[in-house]
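Structural characterization, general
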Amino acid sequence: MALIVHKYGGTSMGSVERIQNVAKRVAKWMRAGHQVVVVPSAMSGETNRLLGLAKDINPDANPRELDQIASTGEQVSSGLLALALLREGIDAVSYAGWQVTVHTDSSFTKARIKSIDDKKILADLNAGRAVVVTGFQGVDPHGNITTLGRGGSDTSAVAMAAALKADECLIYTDVDGVYTTDPRVCEDARRLDKITFEEMLEMASLGSKVLQIRSVEFAGKYKVKTRVLSSLTDPLMPLDLEMKSGTLITFEEDSTMEAAVISGIAFARDEAKITVLGVPDRPGIAYQILGPIADANIDVDIIIQNQSFEGKTDFTFTVPRADYQKALDLLKNNVQSHIGAKEINGDPKVSKVSVVGVGMRSHVGIASKMFRTLSEEGINILMISTSEIKISVVIDEKYMELAVRALHKAFELDQK
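Residues numbered from 1 in each chain as written. Predicted model: local features only at pLDDT ≥ 70, side-chain atom pairs only at ≥ 80, totals over all residues. Heavy atoms only, no water.

Strand pairing in a sheet is mediated by backbone hydrogen bonds. Such pairs are either parallel or antiparallel. Read from one edge of the open sheet, eight strands run β3-β6-β2-β1-β9-β11-β12-β10, paired in mixed fashion. Bordering the open sheet on either side are β3 (92-95) and β10 (194-196), each of which pairs with just one other strand. Within this sheet the neighbouring strands show an average axis-to-axis angle of 20°, counted without direction. Where strand β1 (residues 3-8) and strand β2 (residues 35-40) come together, six bridges link them in parallel fashion. (Pairing = 2+ DSSP bridges. Helix = DSSP H or I, 4+ residues; strand = E, 2+ residues; numbered from the N terminus. Axes fitted to C-alpha atoms, helices over the stretch in contact; angles between N-to-C directions.)

Here is the structure:
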């Protein structure tokens, strides 16, 4: 008997029929003798609908009240799933995050999990019940309901698995695993049987939407065995087949991974580039530029500072496209004159493309192969960033899909 955490996304919970299929799948695992905790998302589109209502009533809605509203989507789906399980003849009980308890900080709309009280869940599991716990939410030290941000149900599920010392965390989604790149961009994309936590973390941070990055961080930190698989398969498929399907995220590299070199091509479409020109080259200048950006809660990704010439340098960085104008206005109005920068300009239509693989550590020539491939396609590189297991380039947005397909072919990712 194993303790398994199941997580189902909004698409998997998108209708009465799909919720009933989830119940059939969970019941199959229970009847095989396993203990199961289920973490469902809200029904597809429900969170957007609720937040849309809030914005219609008050465009400047208080974040605390937004969390109060948004959290109800998961409570509805959890209650419906518990009812479906009971109809399947499985003893089941549902809980909201604040009932279990999932303790978080007070960062409304993007809270972080601090701890989970597992006593109530373990008591129910030992009594033979399936336990359904809302994803995406918890409670802060003052008793306020909090939500974890978009994709937070993934994080809830992995955190639950860590707290319960579960044997495995199964992330059921509308895709059947992690691919070498997005199949919608490259038809030769191939599903990976396994991928390391390091690679998955890079893929998630570089634009892959399969798993929320915080869930991968949690899984890696607490060594939670995690598998990404499809909820759209037959819920009654044999258990031994289901247990081997999808993509397993592993703790360690194995001998075959070294041969693979590159595991995937990740990309992020909605990037923007900002350059601060003619900046005095003195200690603290990077903080004077990026400090106000961080205070405005804008994420900065790739950063490049040019070599100083006659005491001046240029400073370039990327931000999410949605934050581009806000960042540009902030720098022009509050920073430029203060630091004595000559000019501030930018480009809101760039994309980031990355090659990822733990095999890079023991192989030379990956960067040159990547740059040669892009050159042969006539694609100009605007910025470069590297680490032990990834190389990222910023390019003009219009060349992104061409770059992904060319690199996927160059690194033979269509070959098993």
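Now for the pairing of strand β18 (residues 390-396). Within β18, six of the seven residues are buried, which leaves it mostly tucked inside the rest of the structure. Note that strand β16 (residues 343-356) and β18 share seven bridges and pair antiparallel. Residue Val355 lies in a different strand from β18, and its bridge partner there is Ile391. In the sheet, strand β17 (residues 383-386) pairs with β18 via four bridges, with the strands oriented antiparallel. (Buried < 20%, exposed > 50% of the residue type's maximum accessible area, 1.4 Å probe, protein only.)

For side chains of opposite charge, pairing can occur when their charged atoms come near one another. Overall, the coordinates contain 20 salt bridges when judged by the stated rule. Here Lys7 makes a salt bridge to Asp154, at a shortest N to O gap of 2.9 Å. Placement of the pair is Lys7 in strand β1 and Asp154 in helix α7 (residues 152-164), with a sequence separation of 147 residues. For Asp154, a relative accessible area of 6% gives the class buried. Taken together, the shared-partner salt bridges connect Arg25, Lys28 and Glu242 into one network. (Salt bridge = Lys/Arg side-chain N within 4 Å of Asp/Glu carboxyl O.)

All right, on to the environment of Thr155 then. When you line up the elements, Thr155 lands in helix α7. When the C-alpha positions of Thr155 and Lys7 are compared, they lie 9.8 Å apart, and in sequence the two are 148 residues distant. Among all residues touching Thr155, those that are not within four sequence positions of it are Ile113, Gln212, Arg214, Ser215 and Phe218. (Contact = heavy atoms within 4.5 Å.)

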